[in-house]
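Fold and geometry: a report
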Amino acid sequence: MAECILVLDAGTTSTRAMVFDRQGGLEAVCQAELTQHYPRPGWVEHDAAEIWEKTLGCMREAVGEDAGRIAAIGITNQRETVVAWDRNSGEPLARAIVWQDRRTSGFCAKLKDEGHEPSVQQRTGLLLDPYFSGTKMRWMLDNDEAVKAAHDNGTLAFGTVESWLVFKLSGGTHISDASNASRTLLLALDGEQFDEDLCKLFGVPRESLPQVVDTHGELAVATDEWLGQAIPITGLVGDQQSATIGQGCLSFGETKATYGTGAFVLTNKGSDIPRSDHRLLGTVLHQLGGQRTYAIEGACFVAGSLIKYLRDELGLIESAAQTEELALSIEDSGEVVIVPALAGLGAPHWMPEARGVISGLSFASGKAQIARAALEAMAHQTHDLAQAFAADGAPWASLRIDGGMSANDWMAQDLADILDIEVERPEFVETTALGAAVCAAVGAGLYSSLDAAAAQMRGKADTFKPSMDADVREARLARYAKALSAA
């Protein structure tokens, strides 16, 4: 009996295919880097054809010759990235605009000036920021001739990356799950499908958008063209919601933080539609049979991408793992502080035009101090979020962490120290992919519920307990607050 799950994890810097067994064990993985295009300052693009081709190559390599063991496919993805393609040809019309892209700052500012943000936030749980998908779609319509022509011809399809992959795998099914759809600015949190009034506000044609479906269930079918046999697609979920599920944060109040390209914190809010007074976001966590579980979210745009910047652009380190040994080699950062606003500041500040700051430099500052300050920036940003969550009535009793950066023991301990709470890290830190496997396993009928699947598939965890003196913590946070004011 086929009991394995194939997960397609379409991230920002790479795409992966991973095969999980029924107990959550990883049987195979294949990963391919994605080309990052930066045509102008603040612009970030991907080649949608490359995403598809490399995802297909990875899934074929990970599955190998034994597709018969695959019960279902789950897909998780970078959420707000927008793909435009032609429904008839199935080919992309332009480069995808990535979630990090800031080109629509002016449009967002115009809508804010016109007074639309309060009503938009009330309906969608989101703020008017270039981060979200709707304004990217409008920009494509206004500025790309191929997109405009497809709209005029009635063949334009917009979607986030999971929607694009399903379309290609299935040979034309145009759907988006509720967790991704809730990141577009075009879905009301209590609305079944994309909202006509919101589409009119942002200037996005409703007919170009996909059908909104559950995060798990019988959603679509990948044709036999790709792996030699047809395989049901039974899980679709945005990456941060997927990590929350993979962490087992399925009860009200449970909180996870993922440290990947950016840093994202979600707290389960159950069936309560989240309302934030402190510039956090409301989002759909998962949906089954049209019934939604919600989360409140804080997003920092730069986390692992800061370490990548130190490595690739500044040449200060040779590998991400080197930051831990450099941090351990010194007693403190020598008062060096980094505010990692290289792509603007996300929650709770929402300053798209902010830029990165390194403060406290002296002749005593070397690459060890800068590397340590880069790791400390993760705890500083997370502390900002913790204060906002608490003010919104969602304080953290503990924090479950995951993502590539969380493998760094020094950073995990620093989080516990600065937040002054217990931090838990699973042995298998790639919980984004695991969450998609959980959804797909439930959707395929291998488990009766997300709780049952997560309990079986999640595995063991390590715990980090706070040990920092209060005066040291407060001095660190005061230096960060001063540097933040310069960003």
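In the block above lies the structure referred to throughout.
No experiment lies behind these values; they were computed from the predicted model shown.

So, the overall build of the chain
When its secondary structure is counted, the chain shows 17 helices and 21 strands. Computed over C-alpha atoms, the radius of gyration of the chain comes to 21 Å, within 12% of the 23 Å expected from 2.2 N^0.38 for 487 residues, which places it in the range of a compact globule. With respect to the principal axes defined by its C-alpha atoms, the chain has extents near 60 × 55 × 45 Å. Here the contacts in the chain between residues at least 6 apart in sequence split such that 70% fall between residues at least 24 apart. Carbon together with sulfur atoms contributes 47% to the accessible area of the chain, which is approximately 17,700 Å² in total. Taken as two groups, the 40 positive and 67 negative side-chain charges of the chain have centres that lie 3 Å from each other.

Re the packing of aromatic side chains
Tallied over the entire structure, the rule returns 13 aromatic pairs. Centroid distance W43 to W139: 5.3 Å. Interplanar angle 85°. Geometry classified as edge-to-face. Here W139 lies in helix 4 (residues 133-143) and W43 lies in the loop between strand 3 (26-33) and strand 4 (45-46), a separation of 96 residues in the sequence. Here W43 falls in the buried class, since its relative accessible area comes to 15%. Measuring from centroid to centroid gives 5.1 Å for Y131 and F301, while their planes differ by 65°, and the two rings are edge-to-face.

Details of the nonpolar core
Formed by 93 residues in total, the largest nonpolar core has its most connected members in Y131, V147, F158, F202, Y259, W396 and L399. Among the elements that make up this core, the one with the highest residue count is helix 13 (residues 367-391) (13 residues). If near-sequence neighbours (up to four positions away) are discounted, W396 is found in contact with T255, V265, T267, T382, L385, A386, F389, L419 and I421. With 42 residues, the next largest nonpolar core counts L6, A48, A96 and L165 among its residues.

A word on the pattern of salt bridges
This structure, assessed with the given rule, holds 30 salt bridges. Its salt-bridge partner being E376, residue R372 comes within 3.4 Å of it at the nearest N-O pair. Separated by four residues within a single helix, R372 and E376 lie in helix 13, roughly one turn from each other. E376 is the salt-bridge partner of R476, the closest N and O atoms lying 3.5 Å from each other. Highlighted residues: R476 in helix 17 (residues 470-485) and E376 in helix 13, separated in sequence by 100 residues. We classify E376 as buried; its relative accessible area is 3%. Connected through salt bridges with shared partners, the residues R79, E80, R183, D239 and E297 form a single ionic network.

Cut-offs and rules
Residues numbered from 1 in each chain as written. Predicted model: local features only at pLDDT ≥ 70, side-chain atom pairs only at ≥ 80, totals over all residues. Heavy atoms only, no water. Helix = DSSP H or I, 4+ residues; strand = E, 2+ residues; numbered from the N terminus. Rg over C-alpha atoms; globule rule 2.2 N^0.38 Å. Contact = heavy atoms within 4.5 Å. Areas by Shrake-Rupley, 256 points an atom, 1.4 Å probe, with all protein chains shown as cover. Lys, Arg positive; Asp, Glu negative; His and termini not counted. Charge placed at Lys NZ, Arg CZ, Asp CG, Glu CD. Phe/Tyr/Trp six-rings, centres within 6.5 Å; stacked < 30°, edge-to-face > 60°. Buried < 20%, exposed > 50% of the residue type's maximum accessible area, 1.4 Å probe, protein only. Core = buried A, V, L, I, M, F, W, Y, C linked by side-chain atoms within 4.5 Å. Salt bridge = Lys/Arg side-chain N within 4 Å of Asp/Glu carboxyl O.

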